Amino acid sequence: MPTSRKEALMIGASHYFTGKPCKNGHLVPRHVSGNCPECLKQAHRRRTEDYAAWILKAKQANAKARGIEFSLQQKDIVIPDKCPVLGIPLKKSISKGDAGNSPSIDRVDPSKGYTPDNIRIISHRANRKKQDCTVEELRLLLAYMES
Ligand SMILES: [Zn+2]
């Protein structure tokens, strides 16, 4: 294992190990980009947790305002890597640019509340389409598009 970034770049290695911990105390080989893989992992985990907490809070306020039952906890919000409906990657960023790709809480049975056994995490894009149309309307739309 090379001991410096320069050396790693020279021999085309992906990682190097200086023997010194990163600024957060991880004693692990660094990626040639200069990033500590442990720090990146932590940041990713934090973003995912923050995101779950964020959509939970937003949805809770929304459900309360509409008088819908809500008994979800943060542990119930498990965000998959891809939208189970459309197969597009789910991005856990709170920025507005890629809202279609962001996860949203969908009720399987809309007549019931936000309970752990009645929700799925799907993309906003899929959720929006679901809310826009009834099943019958979707069938008509599909028939029209395929004709
Ligand atoms: Zn680190």
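The numbering scheme is per chain: residues are counted from 1 as the chain's sequence reads. Totals for whole chains, interfaces and linings use every residue, but because this is a predicted model, local features are given only for residues with pLDDT of at least 70 and side-chain atom pairs only at 80 or more, for both listing and counting. For the side-chain quantities, the full set of heavy atoms in the structure was used; hydrogens and water were omitted.

### A short note on the pattern of salt bridges
To keep it simple, the criterion reads: Within this document, salt bridges are pairs made up of a side-chain nitrogen of Lys or Arg and a carboxyl oxygen of Asp or Glu, the two lying within 4 Å of each other. Only protein chains enter the accessibility calculation, which uses a 1.4 Å probe; a residue is then buried when its area is under 20% of its type maximum, exposed when over 50%, and partly exposed in between.
Here the structure, examined in full by the defined rule, presents 6 salt bridges. Two residues, D76 and K75, come together in a salt bridge whose shortest N-O distance is 3.6 Å. Using a relative accessible area of 64% as the deciding quantity, one classes K75 as exposed. One continuous salt-bridge network, built from bridges that share partners, spans D106, R120 and K130.

### Concerning the nonpolar core
What counts, and what does not: In these notes, a set of buried Ala, Val, Leu, Ile, Met, Phe, Trp, Tyr and Cys residues joined through side-chain atoms within 4.5 Å is what counts as a nonpolar core. Note on conventions: DSSP H or I runs of at least 4 residues are helices, E runs of at least 2 residues are strands, and numbering of each starts at the N terminus. Residues are treated as being in contact if the distance between any of their heavy atoms lies within 4.5 Å.
Ranked by internal contacts, the top residues of the largest apolar core, which has 18 residues, are L72, I77, I105 and Y114. Those elements that place two or more of their residues in this core are α2 (37-65) and β4 (119-123). Once you skip the residues sitting within four places of it in the chain, Y114 turns out to touch K59, A63, R66, I68, E69, F70, S71, L72, I105, R107 and I119.

### Remarks on helix α4 (residues 135-146)
Filter applied, for reference: In this scheme, a helix's expected span is set at 1.5 Å multiplied by one less than its residue total.
Given a rise of 1.5 Å per residue, 12 residues ought to cover 16 Å, and the 16 Å separating the end C-alpha atoms of α4 matches this to within 8%. Within α4, only 0 of the 12 residues are buried, leaving the element largely exposed.

### Remarks on the coordination of the zinc ion
Rules: Counted as donors are N, O and S atoms no farther than 2.8 Å from the metal, or 3.2 Å for Na, K and Ca; water is not among the atoms, and sites may therefore look incomplete.
All of the protein donors around the zinc ion are C22 (SG), H26 (ND1), C36 (SG) and C39 (SG); their distances to the metal are 2.1 to 2.3 Å. Look at where the donors of the zinc ion fall in the sequence and you get C-x3-H-x9-C-x2-C. Taken together, the residues span a long stretch of sequence, with C22 in the loop between β1 (15-16) and β2 (30-31) and C39 in helix α2 at a distance of 17 residues. Judged by relative accessible area, which is 11%, C22 ranks as buried.

### Describing the environment of A63
Its location among the elements puts A63 in helix α2. In this structure A63 comes out as buried when scored by relative accessible area, which is 0%. With 50 residues separating them in the primary sequence, A63 and G113 have C-alpha atoms 8.3 Å apart. The residues touching A63, leaving out its near neighbours within four places in the chain, are I68, F70 and Y114.

### Some details on the pairing of β4
Our working definition: Any two strands between which DSSP finds at least two bridges are classified as paired.
Burial runs high along β4: 4 of the 5 residues are buried. Pairing geometry for strand β3 (residues 103-107) and β4, over 5 bridges, is antiparallel. In the strand pairing of β4, D106 is matched with R120.

### Digging into the side chain of N118
Note on placement: N118 falls in the loop between β3 and β4. The residues contacting N118, other than those within four sequence positions of it, are D106, R107, V108, D109, K112 and G113.

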